[in-house]
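Survey of secondary and tertiary structure
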Amino acid sequence: MINRRDFLRLSALAAPGALSFSDVFAQSDAIQFGCPVPMSGPFAANGKYADMGMKLVLQKYGKVLGKSLSYTTIDTEGKPATAVRKVQEAVDKGTRFFAGGILSSESLAMGKEAEKSNSIFITTAGADEITGSECNRSTFRWSVPTFGAIGQTVRPLLEKLPKAKRWYTITPQYVFGDGLLNAAKEVFKEKGIEHVGNSYHSLAEKEFSGYLTNAMAAKPDVLLLLNFGSQASDALRQAVSFGMKNNMTILMAWASGLEQFEALGADICDGVYFGAQYWHAIDAPFNKEFVGYVNSTLKIDPNYSLAGSYICTKIVLDAIIKANSTDPKAVIAAMEGMKYEGLTGTEELRKGDHQVIKNYYLLKGKAKSKMRSKNDYADIVSFGKSFLPLDKTMCKIA
Amino acid sequence: MNIYLLQVANGIGIGMLYFLLAVGLSIVFGLLRFVNFSHGAFYLLGAYFSFQLGQMGLSFWWSLLVAPLVIGLFAWIVEKFVLRHIYALPHHFHILFTVGLALVVQEAVISYWGPLGNNISPPDILQGVVMFGDFIFPKYRLFVIAVTAVMALLLWWVLEGTRLGAIVRAGSESTEMVSLLGLNIDRIFSLVFALGAITAGLAGALAAPIRGVDPFMGVEALGIAFVVVVIGGLGSFFGALAGGILVGIVQSLMSTIWSEGAHLMIYVAMAAVMLLRPNGLFGRSS
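Report on the accompanying structure. (Residues numbered from 1 in each chain as written. Chains lettered and ligands numbered in written order. Predicted model: local features only at pLDDT ≥ 70, side-chain atom pairs only at ≥ 80, totals over all residues. Heavy atoms only, no water.)

Here we take up the environment of Asn2(B). Inspection of the secondary structure assignment puts Asn2(B) in the segment before helix H1 (3-32). When the C-alpha atoms of Asn2(B) and Lys139(B) are compared, they prove to be 21 Å apart, with 137 residues separating the residues in sequence. (Helix = DSSP H or I, 4+ residues; strand = E, 2+ residues; numbered from the N terminus.)

Pasting the structure below:
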């Protein structure tokens, strides 16, 4: 018979993330890529699509500089310490090129590890610090940081809704959430907006009704969701069930794109504003080519996680070709200042902070009756580029 | 209405669902002394079967009935053909098998339904909100409270007021004694295990319109279920009820008092209860 002490000890295994796995497909004689993403836990869906994105682009390139390409899936579990340990193990086995890191906290940690181990790490995570105060020569970022995401969502929405003077925020308490919140507070201050309250929540949270009760009590004009992935979906779904869409405007500053719309369905998304790094309907030549390729190979429209991983890996592959070398130092030099046709039009990798300069999009969910195709969930309301000037990023790449 | 009263009311709503999620785990432990780490997988399957039945055109009401019964059947088969053969083995075999089963179920869900989450809309009649003064509450959540309350009464009646309940309670004290009375204890084990799975499956089906379905919801739910069971006391029906409501209220109240610690505080509450009452609120000494 089990006793209480054993039961408690064993119960620890039930903690989220305890049930995890990792897939490894690697060849020692090839150019080895690592895909360090959460494959378990609340962000696992993003990780699984990111994994597909890397696999797809490596398959498309086949060989580079006469060498075959291989990759290792690394389950970071969304935990910085786990991510770093597993990246170290991959480096020991010869991997030098990493594209991944869905969460800012794990990305910051892996970026530091990449610098230590003479590797290259490129990410889609959002915290400003990644290409700001914590930047380093080995770390690159494709996605617009939190500063730009707020700049391209809160500002245009304020222009559309000049009477919306009271805003409430719901924020995950980690570096990404704080980045979004701080950027939003700056805009509120500048525009004379009353920030009527904020609810922080942990990264393990799934139940948002308590925070929504706080928000309803504050009677805001706009509910600004600053969380990401399934947490953002849960918060929005529960906000809609509390009837909040009828009493206020809802903006999700950093949506995870098509995968999120599919998970939520049109009825919930209808009338809600979303900020997006990527949308499959972007009118850019390379995006059309990419969407066609994904349509023909995977029979789906690409979502943000897949697209982000694809383009990040592609940037590194193109730099390897440009450098005609797999030496990370030569590849870094080739990446710096690289201009290319990307998913959002012409994109440029800024040399001074290793940030890709690209568009960010404000979408508005549309009613099911107005959707012209299965994945036509939203219209692009506006887009543009918002980045801190280099001298204000606090990035000092030697 | 005062914000704290609003949060208490909201917490009761959350807590009733936690009760339903955890009560099966507690009952199974009470009778079988078996820690079922695949309990979260039954919750996951309940949610997904409900989603699938909805996709196939079955009404929400039918899916709420059919999905838990299918989960119960699945659990009965698992218990009958596998679990009963490992009861006699050391506990790490129990864990190994049930964790393995949970992983297999999770990966099977991903293989069949994909890694992305999906939404389930509540039926039209349960959409929208009701207002009590300043207090706004979704109709669907009220429905969940009602269903879980009915389930609690039903389970209580089965456990306390029927012959089956008497046998289950007797079995939790001494399986040998029950066997000596000529009762088929194996059949009772199967039945109780299936009943535990049915409650988890129903919790999953009820939770789906609130939080959608995704392949990782089972692992998250298992963590909460263990907290509820530890707070309430192992094997105790009333413990699961009290633990569920306590966790719900703590979580909801802390959303206002210290929002960033709301999730953490449910574990703090568990630690506090363990310090004050090491066997849980309604637990017996082991």
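Residue and element names in this part refer to chain B. Between its first and last C-alpha atoms helix H9 (residues 217-232) spans 22 Å; for 16 residues at 1.5 Å apiece the expected length is 22 Å, and the two agree. Within H9, 16 of the 16 residues are buried, which leaves the element mostly enclosed by the surrounding structure. Just downstream of H9, Gly233 is the residue with a positive phi angle, here 110 degrees. (Expected span 1.5 Å × (residues − 1). Buried < 20%, exposed > 50% of the residue type's maximum accessible area, 1.4 Å probe, protein only.)

Let us look at the packing of aromatic side chains. Applying the stated rule across the entire model yields 33 aromatic pairs over all chains. On the numbers, 6.3 Å between centres and 75 degrees between planes, the contact of Tyr278(A) with Phe290(A) is edge-to-face. With Tyr278(A) in the loop between strand E12 (273-276) and helix H13 (285-298) and Phe290(A) in helix H13, this pair connects stretches of sequence that are 12 residues apart. Note on Trp61(B) and Phe143(B): the rings are 5.4 Å apart at their centroids and 85 degrees apart in plane angle, and the pair reads as edge-to-face. Separated by 82 residues along the polypeptide, Trp61(B) in helix H3 (residues 60-81) and Phe143(B) in helix H5 (residues 139-161) bring together distant segments of the chain. What makes Trp61(B) partly exposed here is its relative accessible area of 41%. When the ring centre of Tyr293(A) is taken as origin, the NZ or CZ atom of Lys60(A), which lies over that ring, is 4.2 Å away. (Phe/Tyr/Trp six-rings, centres within 6.5 Å; stacked < 30°, edge-to-face > 60°. Lys NZ or Arg CZ within 6 Å of the ring centre and 35° of its normal.)

Let's shift gears to unusual backbone geometry. Residues and elements named next belong to chain A. Phi at Lys299 is positive, roughly 60 degrees, even though this residue is not glycine. Counting through the fold element by element, Lys299 comes out in the loop between H13 and helix H14 (304-323). With relative accessibility at 67%, the residue Lys299 sits in the exposed group.

Another point: the layout of surface pockets. Considered as a void within the structure, the largest pocket measures approximately 610 Å³ in volume. Around the largest pocket, the lining comprises 31 residues; the ones closest to its centre are Tyr49(A), Met52(A), Ile300(A), Gly114(B) and Pro115(B). Looking at the lining of the largest pocket, the elements that each hand over two or more residues are helix H2 (44-61), strand E4 (67-75) and helix H11 (258-264) of chain A together with helix H4 (91-113) of chain B. Among the elements that make up the lining of the largest pocket, the one with the highest residue count is H2(A) (7 residues). (1 Å grid on protein atoms, 1.4 Å probe; cavity = no way out; pocket = protein on both sides within 12 Å on 5 of 7 lines; lining within 4 Å. Points joined across faces, edges and corners; volume = space filled by probe spheres on them.)

Let us now look at empty space enclosed by the protein. To locate leftover empty space, one rolls a probe as large as a water molecule over the atoms. Under the definition given, this model contains 6 cavities of 30 Å³ or more. Taken as a whole, the largest cavity encloses approximately 380 Å³ of empty space. Along the wall of the largest cavity there are 24 residues; nearest its centre are Lys206(A), Glu207(A), Tyr18(B), Tyr43(B) and Ile224(B). Broken down by secondary-structure element, the contributors of at least two residues to the lining of the largest cavity are H1, H5, helix H8 (185-211), H9 and helix H11 (262-276) of chain B. In terms of residue count, H1(B) provides more of the lining of the largest cavity than any other element does, 5 residues in total. Residue composition of the lining of the largest cavity, by class: 14 nonpolar, 4 polar and 6 charged. The computed volume of the second largest cavity comes to approximately 240 Å³. In terms of lining, the second largest cavity is formed by 24 residues, of which the most central are Ala45(A), Ser230(A), Ser233(A), Ala263(A) and Gly117(B). Elements that contribute at least two residues to the lining of the second largest cavity include exactly H2, helix H9 (229-241) and H11 of chain A. Among the elements that line the lining of the second largest cavity, the one with the most residues is H9(A), at 5 residues. (Nonpolar A, V, L, I, M, F, W, Y, C, P; charged D, E, K, R; others polar.)

Glancing now at helix H6 (residues 163-173) of chain B. Residue and element names in this part refer to chain B. Looking only at H6, the buried set comprises Gly165, Ile167, Val168, Gly171 and Ser172. Down the axis of H6, the sector holding all buried residues measures 160 degrees, keeping them to one side. Exposed residues on H6 whose side chains face more than 90 degrees from its buried face are Arg163 and Glu173. Looking at the buried residues of H6, the elements they touch are H1, H5, helix H7 (175-180) and H8. (Arc of directions from axis to C-beta. Contact = heavy atoms within 4.5 Å.)

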